[in-house]
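For reference, the chains in residue letters:
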Amino acid sequence: MLGVGPIYVSGIFTVTIAASLVHFLGWIANGTIGNSWVHNLMIAAGLVVMVVAVIVWVSAVFGSHMVESVKTGQLMTSGIYAWVRHPVYSSFLLLNCGLLLIQVNWWLLTLPLIYWVALTVLVKHTEERWLENEFGDEYIQYAARVNRIFPWPPQRLNKPRES
């Protein structure tokens, strides 16, 4: 039921906290961006990304009927699930990316790419495989129009025009 989520989330939080501590202790100070417009932009971007992460998480946990759909065996495709296939994972990825952005250190910005690759590999080979087996063509069509990790406005389906 929980899948790879707890392992992934605890792993990236551990790495983010460790990287933040290494930055705070000055061990990677050569990557720090001084007071400039880029410094301020990175802090602002980090805060925006963290707010988006909270919105995505709240939408997934409280705004959807995830528990009901699991109990009834239905594929979630509406609400936040129309924007992103794995909103809970997305929210934790975005939160950690925001935390790393506000550190304003170029070295730490390599971690979001690693987090994204790890999450993509994990969900592709575990949960998405299970979802495809469980829901078949319905999931394949859903996956073709909705991003795996990064929230994006839903694509409209091209419906044939009636004459």
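Residues numbered from 1 in each chain as written. Predicted model: local features only at pLDDT ≥ 70, side-chain atom pairs only at ≥ 80, totals over all residues. Heavy atoms only, no water.

Looking at an unreviewed UniProt entry, one finds the protein named Isoprenylcysteine carboxylmethyltransferase family protein, with Varibaculum cambriense as its source organism. The annotation that UniProt attaches to the protein under Subcellular location (unreviewed entry) is "Endomembrane system". (UniProt positions renumbered as here; feature names shortened; annotations may be inferred.)

Caption draft 1: Expanded view of the nonpolar core. In this structure, Tyr8, Leu93, Leu100, Leu108, Leu111, Tyr115 and Leu119 are the most contacted members of the largest nonpolar core, which totals 16 residues. Elements that contribute at least two residues to this core include exactly helix H1 (5-24), helix H4 (87-101) and helix H5 (111-125). Look past the residues within four positions of leucine 108 in its chain and what remains in contact with it is Ala19, His23, Ile28, Leu100 and Gln103. By size, the runner-up hydrophobic cluster in this structure holds twelve residues, among which are Val56, Phe135, Tyr139 and Tyr142. (Core = buried A, V, L, I, M, F, W, Y, C linked by side-chain atoms within 4.5 Å. Buried < 20%, exposed > 50% of the residue type's maximum accessible area, 1.4 Å probe, protein only. Helix = DSSP H or I, 4+ residues; strand = E, 2+ residues; numbered from the N terminus. Contact = heavy atoms within 4.5 Å.)

Caption draft 2: Seen up close, the packing of aromatic side chains. Overall, the coordinates contain four aromatic pairs when judged by the stated rule. Their ring planes at 85° and their centres at 5.8 Å tell us that phenylalanine 13 and phenylalanine 92 sit as a pair that is edge-to-face. Placement of phenylalanine 13 in helix H1 and of phenylalanine 92 in helix H4 is noted, with a sequence separation of 79 residues between them. Summarising the aromatic geometry, the rings of tyrosine 139 and tyrosine 142 are spaced 5.9 Å apart at their centres and angled 55° between planes, so their arrangement reads as tilted. With tyrosine 139 and tyrosine 142 both in helix H7 (residues 137-145) and three residues apart, the pair spans about one turn of that helix. The burial state of tyrosine 139 is the same as that of tyrosine 142; both residues are buried. (Phe/Tyr/Trp six-rings, centres within 6.5 Å; stacked < 30°, edge-to-face > 60°.)

Caption draft 3: Layout of the pattern of salt bridges. Summed over the entire model, instances satisfying the criterion amount to two salt bridges. When the shortest N-O distance is used, the salt bridge between glutamate 128 and arginine 148 registers 2.9 Å. One end of the pair, glutamate 128, is in helix H6 (residues 127-135); the other, arginine 148, is in the segment after H7, with 20 residues separating them in the sequence. Taking relative accessible area as the criterion, arginine 148 reaches 22% and is therefore assigned partly exposed. Look at the salt bridges and you will find they share partners, linking Arg85, Glu128 and Arg148 into a network. (Salt bridge = Lys/Arg side-chain N within 4 Å of Asp/Glu carboxyl O.)

Caption draft 4: Structural context of H5. Taking 1.5 Å of rise per residue, 15 residues should cover 21 Å, and H5 covers 21 Å from first to last C-alpha, within 8% of that figure. Those residues of H5 that fall on the buried side of the exposure criterion are Leu111, Pro112, Tyr115, Leu119, Thr120 and Val123. Looking down the long axis of H5, one finds its buried residues gathered within 165° of arc, a one-sided arrangement. Those residues of H5 that are exposed and aimed more than 90 degrees away from the buried face are Leu113 and Ile114. Residues of H5 that are buried make contact with H1, H4 and H6. (Expected span 1.5 Å × (residues − 1). Arc of directions from axis to C-beta.)

Caption draft 5: Molecular detail of a nonpolar patch on the surface. Side chains of Val54, Trp57, Val58, Val61 and Phe62 sit close together on the surface and give an oily, nonpolar patch of about 440 Å² of accessible area. Structurally, the position occupied by tryptophan 57 is in helix H2 (residues 37-61). By relative accessible area, tryptophan 57 is classed as partly exposed at 31%. (Patch = residues over 30% accessible without salt bridge, like charges linked within 9 Å, V, L, I, M, F, W, Y side chains within 5 Å. Areas by Shrake-Rupley, 256 points an atom, 1.4 Å probe, with all protein chains shown as cover.)

Caption draft 6: Quick look at the UniProt feature "transmembrane region" (unreviewed entry) in the protein. According to UniProt, the "transmembrane region" (unreviewed entry) feature falls on residues 6-29 and 41-62. Overall, residues 6-29 shows 79% helix and 0% strand. The separation of its end C-alpha atoms is 31 Å. Annotation note: span residues 41-62, helix share 95%, strand share 0%, distance between end C-alpha atoms 31 Å.

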